[in-house]
Amino acid sequence: MPISKCPPKSEPLWKAWDQKAQKNGLRHQVFAVSGDHYVGKWKDNMKHGKGTQVWRKNGAIYEGDWKFGKRDGYGTLSLSDQETGKYRRVYSGWWKGDKKCGYGIQFFGPKEYYEGDWCGNQRSGWGRMYYSNGDIYEGQWCNDKPEGEGMLRLKNGNRYEGNWQRGMKNGSGRFFHLDHGQLFEGLWVDNIAKCGTMIDSGRDEAPKPTQFPIPEVKILDPDGVLAEALATFKKTEEED
């Protein structure tokens, strides 16, 4: 008795094409419609693992870790320098969800950079900022500004140690005038010293000492007067 066999069913061509189009594992350059291109590892059609992305619009290059289509892990972002034609590093550090998060170094210019903690693309936590004018701030940050305890060391050696708020000196702090050999300690509001005490400190060794030393205060209770002034000023600030 003859046996008939059914011919095997053939898969539609679109399924084979779709399978070939799926991006998994290491791939060579993959171009987007915008002209951006990526070289690296994929998972389920998303950048995942080590890879390099080049953006056509601004010429930026990211080299590092990816997780499900977003920069996540350690990576370096570079931009093209229009004057030299070479790439300059802008940021090296940790990322999470396509944003700077964790420890990293951001370069704002040839002599200006920040090293420290980040959160959501903003300086947040502990960090040290080197300014182009030679000043250095080291301390706490929040919302991309100095906030909390911190020290600002000026180019001439003078420094402020104390509290910061919204990127300005606010609260208790000490300012060391090392060039004159004096120390101010008191209360600050928006970078302005409101009340406190000024004493000679290392005046004999200072490079530019004042002509005369600070005279002795001739009141019965200088500490009490200062404490009263501080309390009055703080009360006024709270009422405002």
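For the structure given in this document, a descriptive report is provided here. The structure presented is a predicted model; accordingly, all values stated were derived computationally and were not measured. (Residues numbered from 1 in each chain as written. Predicted model: local features only at pLDDT ≥ 70, side-chain atom pairs only at ≥ 80, totals over all residues. Heavy atoms only, no water.)

1. What about the packing of aromatic side chains?
Thinking step 1. All chains considered together, the criterion is met by 17 aromatic pairs.
Thinking step 2. With centroids separated by 4.6 Å and ring planes inclined at 20°, the aromatic side chains of Y113 and Y130 adopt a geometry described as stacked. Of this pair, Y113 sits in strand β8 (residues 112–119) while Y130 sits in strand β9 (residues 122–130); the two residues are 17 residues apart in sequence, bridging distant segments of the chain.
Thinking step 3. Classification of Y130 by relative accessible area gives partly exposed; the value is 21%.
Thinking step 4. The interplanar angle of 90° and the centroid separation of 5.3 Å between the aromatic rings of Y114 and W118 together place this pair among those described as edge-to-face.
Thinking step 5. Judged by its relative accessible area of 0%, Y114 is buried.
Thinking step 6. Across the ring face of Y114, the terminal group of R123 is positioned such that the distance to the ring centre comes to 5.7 Å.
Thinking step 7. One Lys or Arg, K169, reaches over the ring of Y160 and ends 5.7 Å from the middle of that ring. (Phe/Tyr/Trp six-rings, centres within 6.5 Å; stacked < 30°, edge-to-face > 60°. Helix = DSSP H or I, 4+ residues; strand = E, 2+ residues; numbered from the N terminus. Buried < 20%, exposed > 50% of the residue type's maximum accessible area, 1.4 Å probe, protein only. Lys NZ or Arg CZ within 6 Å of the ring centre and 35° of its normal.)

2. Some details on the environment of M129
Thinking step 1. Mapping M129 onto the fold places it in strand β9.
Thinking step 2. For M129 and Y113, which are 16 residues apart along the polypeptide, the C-alpha to C-alpha distance reads 6.0 Å.
Thinking step 3. Excluding residues within four positions of it along the chain, M129 makes contact with F108, E112, Y113, Y114, R123, D135, I136, Y137 and W141. (Contact = heavy atoms within 4.5 Å.)

3. A closer look at the pattern of salt bridges
One side chain can pair with another of opposite charge once the charged atoms of both are near each other.
Thinking step 1. Here the structure, examined in full by the defined rule, presents eight salt bridges.
Thinking step 2. K50 serves as the salt-bridge partner of D65, at 2.8 Å between the closest nitrogen and oxygen. Of this pair, D65 sits in strand β4 (residues 61–67) while K50 is found in strand β3 (residues 46–54), placing the two residues 15 residues apart along the sequence.
Thinking step 3. Residue classification places K50 among the exposed residues on the basis of a relative accessible area of 54%.
Thinking step 4. A salt bridge links R128 to E115, with the nearest nitrogen and oxygen atoms 2.7 Å apart. Of this pair, R128 sits in strand β9 while E115 sits in strand β8, placing them 13 residues apart in sequence. A single burial state applies to R128 and to E115, both of which are buried.
Thinking step 5. Taken together, the shared-partner salt bridges in this structure form one network comprising E115, R128 and E138. (Salt bridge = Lys/Arg side-chain N within 4 Å of Asp/Glu carboxyl O.)

4. Some words on the pairing of strand β13 (residues 168–177)
Thinking step 1. As defined by bridge partners, strand β12 (residues 159–165) adjoins β13 across six bridges and the pair is classed as antiparallel. Directly across from Q165, in β13, lies its bridge partner M168.
Thinking step 2. Connecting the antiparallel pair β12 and β13 is a turn made up of two residues, with R166 showing a positive phi of about 60°.
Thinking step 3. Taken together, the seven bridges between β13 and strand β14 (residues 182–189) define a ladder with antiparallel strand orientation. Considered in β14, the bridge of G171 is made with W188.
Thinking step 4. Counted along the chain from β13 to the antiparallel partner β14, the turn is four residues long, and its residue G181 has a positive phi close to 80°. (Pairing = 2+ DSSP bridges.)

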